[in-house]
Amino acid sequence: MIYDHLVVRYGELSLKGKNRRHFESQLFETVKRKLRPFQGLNISKHFDRIVIELNGQSYEPIVKSLQDIFGIHSISLAVRSENDLEAIQKAALIALNEAIEGKKTFKVTGKRSLKSFPVNSMQLNQEVGGYLLRNTEGLTVDVHNPDVNVKVEVKDTGTYISSKSFEGAGGLPIGVGGKAMLMLSGGIDSPVAGYLTMKRGVRIEGVHFHSPPFTSERAKQKVVDLTQELTRYSGGKIKLHVVPFTKIQQTIKDKIPSSYSMTIMRRVMLRITERLAENNHAMAIANGENLGQVASQTMHSMYAINEVTNMPILRPVITMDKLEIMNLSHKIGTYEISIRPYEDCCTIFLPSAPKTKPKREKAIRYEKNIENLEELIEEAVNEVETLILEEGKSADETFDDLL
Amino acid sequence: MIYLDNSATTKPYKEVLDTFVTVSEKYFANPSSLHSKGGEAEKLLGQARKSIAQLLEVAPSEVVFTSGGTEGNNIAIKGIAFQHQNRGKHLITSSVEHASSHESFQYLESQGFEITYLPVDQDGLISLEDLERSIRPDTILVSLIHVNNETGTIQPIQEIGEILKEHPKIFFHVDNVQGVGKVDLPLREWGIDLCTISAHKIHGLKGNGILFVKNGVSISSLFTGGEQELKKRAGTENVAGIVAMAKALRLILQESKEKKESLFEIKQFLIEELRSIDGIDINTSMKYSAPHIINFSVKGIKPEVLIHSLDKRDVYVSTRSACSSKQGGASRILLEMGLGENRASTAIRLSTSYGNTLKEAEKALKVLKEELLNIKKVMR
């Protein structure tokens with residue numbers, strides 16, 4: 001392997017004027033933290049890119065890690081050469097040969113950022129392209145639709161030549177967009193919603209409602225594992241708030257007509273989440289709601305439930321088809337966890353016939369049946385158990401020695 | 001003791017035994033039980049699966065726990081054959097497979113499947129041209145051993161994988177029981193769909209193994225009666241053995257990173273010395289073989305006799321595959337390599353692992369020379 005560098009290019013953030021410096025340093029910190037498990041790398045920040053010197057490490061696992069980071073547009077394998085035309089030509093030939101296997105056309109994209117270099121961008125294309133043609137067989141140049149694009153960038157620190165690129169995750173660097181509380185049930189949708197929320201640079205904290213003994217320890221563990229999986233994309237730790245919900249669910253079952261119990265339960269969950277958001281300085285709530293035909297997923301339901309908060313509710317998967325959500329879930333690694341068959345608190349007291357078109361006025365009226373609702377909410381919020389999950393570390397280290 | 005029979009089985013690592021004892025004591029519950037003890041065991045099992053997946057660079061959902069190499073090969077070969085027989089009943093393998101594969105194919109033959117057994121050359125290698133020629137529209141599986149258990153020959157799995165990438169409907173199974181920790185086998189890159197691994201060949205415990213089944217590859221289950229192991233292999237999981245296997249895999253991959261050179265050194269030394277002994281022929285290919293297996297034949301001496309006389313001197317070697325050693329007679333593998341009846345029936349196998357040293361090899365060789373002399377005296 002001749003590649004000794006990775007060049008990480010930013011996504012949208014090159015456009016964002018004044019905030020740019022902030023964005024870049026956020027991203028740089030995330031990259032550094034993410035690559036901590038790899039030893040011997042040199043990571044440095046440049047004007048519009050991050051350069052990683054591999055120092056003999058193989059690039060595959062590093063590229064894979066980088067593809068989890070939002071705010072990265074692309075990752076290129078690069079070889080660095082001296083700022084000397086002959087050296088550049090030779091390096092370009094090696095880079096082309098690495099990438100060309102089985103392909104037929106290429107082009108050279110030269111870029112001279114170092115203006116003191118005597119060969120300008122146009123000339124670079126010709127000089128390097130000509131050299132490559134002379135020293136290979138059966139290849140032709142196609143400037144519009146090449147199989148391989150050999151990028152040659154002359155900078156003050158040397159010339160970077162790359163022919164192989166990988167797509168980054170896109171989006172904005174985590175941490176530039178504030179914080180939201182993510183309602184995590186354990187299903188397929190909510191982790192995907194969390195992933196997409198983070199994609200816009202938003203930090204998340206998880207909120208899960210736990211109703212022992214009606215929901216099991218395994219159901220809770222499932223949510224812990226989902227949160228753990230999401231730390232891959234979070235640029236560090238994620239907090240998970242586990243809300244004791246048994247008492248409230250029992251009260252709802254006692255006092256609310258069963259056709260409205262689901263609606264009221266959701267209203268209470270939203271209130272508790274809002275309270276947790278305030279306590280943890282978050283400015284929005286995110287969830288996996290998706291417009292559909294079942295119980296809580298109708299627009300009528302949303303209208304009756306949403307009323308209890310003024311906080312913005314982010315619903316990243318609201319318009320997606322189930323299949324789209326599942327595909328994303330596979331991609332981000334949460335699907336296998338989400339399909340574990342444990343009941344969560346939403347299904348445990350599920351009425352046989354929940355209203356698909358609940359009326360807001362009725363919900364308000366029924367809710368008044370629970371006189372001590374405020375007290376119950378207060379109590380639940382006070383007794384929240386908060387876990388901190390960190391990438392690469394299992395929250396429970398009891399097993400590490402065994403493995 | 002000089003133990004040179006690591007291809008038959010290895011001595012478990014101390015850490016592996018510690019893990020086994022701790023898990024057996026503390027996490028003995030059935031992972032499928034609903035109570036919290038069951039939950040703990042299930043969680044531990046999940047962590048072990050994840051850890052193994054990471055080490056093999058695959059997804060946790062692609063790791064199926066088995067009882068070992070024989071079962072892995074059986075499930076893979078029969079599982080693919082029965083599941084996909086509607087698409088075709090032609091299977092390709094080689095003539096030098098381990099008995100567990102070989103006999104699975106013979107069984108399938110009796111069930112109406114058609115099998116191509118690819119021949120091998122003097123080095124024990126199949127030819128890529130033969131393989132390409134034998135592929136037919138109704139071929140559903142190619143199954144090959146990576147590192148041969150008797151001779152150490154390494155089949156060109158990467159090249160075969162490339163050929164099979166052109167035939168996306170053919171499944172590719174690799175028996176990697178002998179290769180783990182000794183010869184690299186990147187499962188993803190080389191286009192492998194199923195891969196068999198055994199724990200006790202990597203200093204884990206007997207009764208545990210892994211079958212890698214790529215996501216999306218469906219196999220019929222040979223065991224029914226539960227939903228364990230992604231419904232591919234029913235039965236209560238051997239949690240302690242599995243966790244111990246995760247440990248063994250981690251340790252051997254670590255050792256292979258640090259010490260593979262030393263295995264080559266020992267092999268080089270042994271082969272050069274053995275070659276200079278009158279009446280000894282080296283059966284292991286110099287060019288295409290794994291760093292830990294050396295097979296040679298001693299003219300005119302029954303291998304059992306030599307094994308027993310070495311045994312008395314505390315040096316442990318074997319005739320060939322432990323799974324076939326009781327049958328006596330000539331080695332099927334060596335016959336297939338065209339080495340002739342005489343060489344095939346006088347073969348000795350030395351197999352090393354990371355515990356062995358060059359010093360041990362020197363000592364073993366000295367003992368071997370002395371015992372050869374003794375035997376020859378008696379026979380005269």
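The rules we used
Residues numbered from 1 in each chain as written. Chains lettered and ligands numbered in written order. Predicted model: local features only at pLDDT ≥ 70, side-chain atom pairs only at ≥ 80, totals over all residues. Heavy atoms only, no water. UniProt positions renumbered as here; feature names shortened; annotations may be inferred. Helix = DSSP H or I, 4+ residues; strand = E, 2+ residues; numbered from the N terminus. Rg over C-alpha atoms; globule rule 2.2 N^0.38 Å. Buried < 20%, exposed > 50% of the residue type's maximum accessible area, 1.4 Å probe, protein only. Contact = heavy atoms within 4.5 Å. Areas by Shrake-Rupley, 256 points an atom, 1.4 Å probe, with all protein chains shown as cover. Lys, Arg positive; Asp, Glu negative; His and termini not counted. Charge placed at Lys NZ, Arg CZ, Asp CG, Glu CD. Phe/Tyr/Trp six-rings, centres within 6.5 Å; stacked < 30°, edge-to-face > 60°. Pairing = 2+ DSSP bridges. Domains from an automatic or database assignment. Buried area = accessible area lost by both parts, 1.4 Å probe. Salt bridge = Lys/Arg side-chain N within 4 Å of Asp/Glu carboxyl O. Expected span 1.5 Å × (residues − 1). Arc of directions from axis to C-beta. Axes fitted to C-alpha atoms, helices over the stretch in contact; angles between N-to-C directions. Polar contact = N/O pair within 3.5 Å; in protein donor to acceptor, adjacent residues only side chain to side chain. Nonpolar A, V, L, I, M, F, W, Y, C, P; charged D, E, K, R; others polar.

- Looking at an unreviewed UniProt entry, one finds chain B named Cysteine desulfurase, with Fictibacillus nanhaiensis as its source organism.
- Looking at the Cofactor (unreviewed entry) heading of the UniProt record, one finds this comment for chain B: "pyridoxal 5'-phosphate".

- Under an unreviewed UniProt entry, the name given to chain A is Probable tRNA sulfurtransferase, and the organism recorded is Fictibacillus nanhaiensis.
- The UniProt entry for chain A carries the following comment under Pathway (unreviewed entry): "Cofactor biosynthesis; thiamine diphosphate biosynthesis."
- In its Sequence similarities (unreviewed entry) section, the UniProt entry covering chain A states "Belongs to the ThiI family."

**Observations regarding the overall build of chain B**
- A count of helices and strands for chain B gives 11 helices and 12 strands.
- The C-alpha radius of gyration of chain B comes to 21 Å, within 12% of the 21 Å expected for a compact globule of 380 residues.
- For chain B, the spread of C-alpha atoms along the principal axes amounts to about 70 × 50 × 35 Å.
- Residues counted as buried form 58% of the 380 residues belonging to chain B.
- Summarising the internal contacts of chain B: among those between residues at least 6 apart in sequence, 73% fall at separations of at least 24.
- Here chain B has roughly 16200 Å² of accessible surface; of this, 51% comes from carbon and sulfur atoms.
- Computed over 46 positive and 47 negative side-chain charges, the separation of the two mean positions in chain B equals 4 Å.

**Looking at the packing of aromatic side chains**
Residue and element names in this part refer to chain A.
- In the structure shown here, the tally under the stated rule is eight aromatic pairs over all chains.
- The interplanar angle of 35° and the centroid separation of 6.3 Å between the aromatic rings of Phe 70 and Tyr 233 together place this pair among those described as tilted. Remark: Tyr 233 occurs in the loop between helix 6 (217–230) and strand 11 (237–244) and Phe 70 occurs in the loop between helix 2 (59–66) and strand 4 (72–81); sequence separation between them is 163 residues.
- An angle of 85° between the planes, with centres 4.9 Å apart, marks the rings of Tyr 195 and Tyr 233 as edge-to-face. Of the two residues, Tyr 195 sits in helix 5 (residues 189–199) while Tyr 233 sits in the loop between helix 6 and strand 11, which places them 38 residues apart along the sequence.

**Considerations on the UniProt feature "binding site: ATP" (unreviewed entry) in chain A**
All names here are of chain A.
- Within this structure's numbering, the places UniProt gives as "binding site: ATP" (unreviewed entry) are Met 183, Leu 184, His 208, Phe 209, Arg 266, Gly 288 and Gln 297.
- Looking at the secondary structure, you find Leu 184 in the loop between strand 9 (179–183) and helix 5.
- Overall, Leu 184 belongs to the buried group, its relative accessible area being 4%.
- What Leu 184 contacts, discounting residues up to four positions off in sequence, is Ser 190, Pro 191, Gly 206, Val 207, His 208, Val 223, Thr 227 and Leu 240.
- Mapped onto the elements of the fold, Gln 297 is located in the loop between strand 12 (284–286) and helix 9 (299–306).

**Here we look at the pairing of strand 10 (residues 293–298) of chain B**
Residues and elements named next belong to chain B.
- Most of strand 10 sits inside the fold, with six of its six residues counted as buried.
- Judged by which residues are buried, strand 10 turns out to be covered on both faces: Ile 293, Asn 295 and Ser 297 on one side and Ile 294, Phe 296 and Val 298 on the other are all buried.
- Taken together, the three bridges between strand 9 (residues 280–282) and strand 10 define a ladder with antiparallel strand orientation. Among the inter-strand pairings, Ile 282 is bridged to a residue of strand 10, identified as Phe 296.

**Overview of the domain arrangement of chain A**
Residues and elements named next belong to chain A.
- Splitting chain A by domain gives domain 1 (5–170) and domain 2 (179–399).
- For domain 1 versus domain 2, the separation of C-alpha centres amounts to 42 Å.
- Listed per partner, the contact involves nine residues of domain 1 and 10 residues of domain 2.
- With both chains or domains summed, domain 1 and domain 2 bury close to 790 Å², and 45% of this area falls on carbon and sulfur atoms.
- Taken together, the links from domain 1 to domain 2 amount to two salt bridges.
- Here Arg 232 ties to Asp 68 by a salt bridge, and the two come within 3.1 Å at their closest N and O atoms.

**Details of helix 1 (residues 20–34) of chain A**
All names here are of chain A.
- Its 15 residues place the ends of helix 1 21 Å apart at the C-alpha level, agreeing with the 21 Å of an ideal helix rising 1.5 Å per residue.
- Inspection of helix 1 places Arg 20, Phe 23, Glu 24, Leu 27, Phe 28, Thr 30, Val 31 and Lys 34 among the buried residues, and these make up the whole buried set. All buried residues of helix 1 fall inside an arc of 165° around its axis, so they share one side.
- In the core, the buried residues of helix 1 are packed alongside strand 1 (5–10), strand 2 (42–46), strand 3 (49–53), helix 2 and strand 4.

**Here's the deal with the sheet that holds strand 2 (residues 63–66) of chain B**
All names here are of chain B.
- Within the open sheet, the seven strands sit side by side as 2-8-7-6-5-3-4. Their pairing is mixed. In the strand order of this sheet, the two ends are held by strand 2 and strand 4 (114–118), each with one partner. Averaged over neighbouring strand pairs, the angle between their axes works out to 20° when direction is ignored.
- Bridge analysis of strand 3 (residues 90–94) against strand 4 gives five bridges, and the strand direction is parallel. Within strand 4, the residue paired with Leu 91 across the bridge is Ile 115.
- Contacting strand 2, strand 7 (194–198) and strand 8 (209–213), helix 2 (residues 36–56) crosses the sheet at an angle of about 115° to strand 2.
- The strands touched by helix 3 (residues 69–83) are strand 2, strand 3, strand 5 (139–145), strand 6 (171–175), strand 7 and strand 8; relative to strand 7, the strand with the most contacts, the crossing angle is about 165°.

**Considering the UniProt feature "coiled-coil region" (unreviewed entry) in chain B**
- The positions that UniProt labels "coiled-coil region" (unreviewed entry) are, in the present scheme, residues 351–378 of chain B.
- Its end C-alpha atoms 28 Å apart, residues 351–378 of chain B is made of 75% helix and 4% strand.

**Some thoughts on the interface of chain B and chain A**
- Residue-level contacts link 24 residues of chain B with 13 residues of chain A.
- Carbon and sulfur atoms supply 54% of the area buried between chain B and chain A, which totals about 1400 Å² over both sides.
- Linking chain B to chain A there are one salt bridge.
- Among the salt bridges present, the one from Glu 42 of chain B reaches Arg 218 of chain A, with a minimum N-O distance of 2.6 Å.
- Across the chain B-chain A interface, the total number found is 10 residue pairs in polar contact (both at pLDDT 80 or more).
- Going through the elements one at a time, helix 1 (14–26), helix 2 and helix 7 (239–275) of chain B are the ones with two or more residues in the side of chain B that touches chain A.

**Some remarks on the domain arrangement of chain B**
All names here are of chain B.
- The domain boundaries assigned to chain B delineate domain 1 (2–8 + 259–379) and domain 2 (14–251).
- Using C-alpha coordinates to define each centre, domain 1 is positioned 28 Å away from domain 2.
- Contacts between domain 1 and domain 2 engage 30 residues on the former and 28 residues on the latter.
- Regarding the contact of domain 1 and domain 2, the summed buried area is about 2400 Å², with carbon and sulfur atoms giving 49% of it.
- Among the ionic pairs, Lys 260 bridges to Asp 184, the shortest N-O distance being 3.6 Å.
- Run the count over domain 1 and domain 2 and you get 19 residue pairs in polar contact (both at pLDDT 80 or more).
- Counting residues per element, the side of domain 1 that touches domain 2 draws most heavily on helix 9 (residues 332–336), at four residues.
- Among the residues forming the side of domain 1 that touches domain 2, the class breakdown is 12 nonpolar, 13 polar and five charged.

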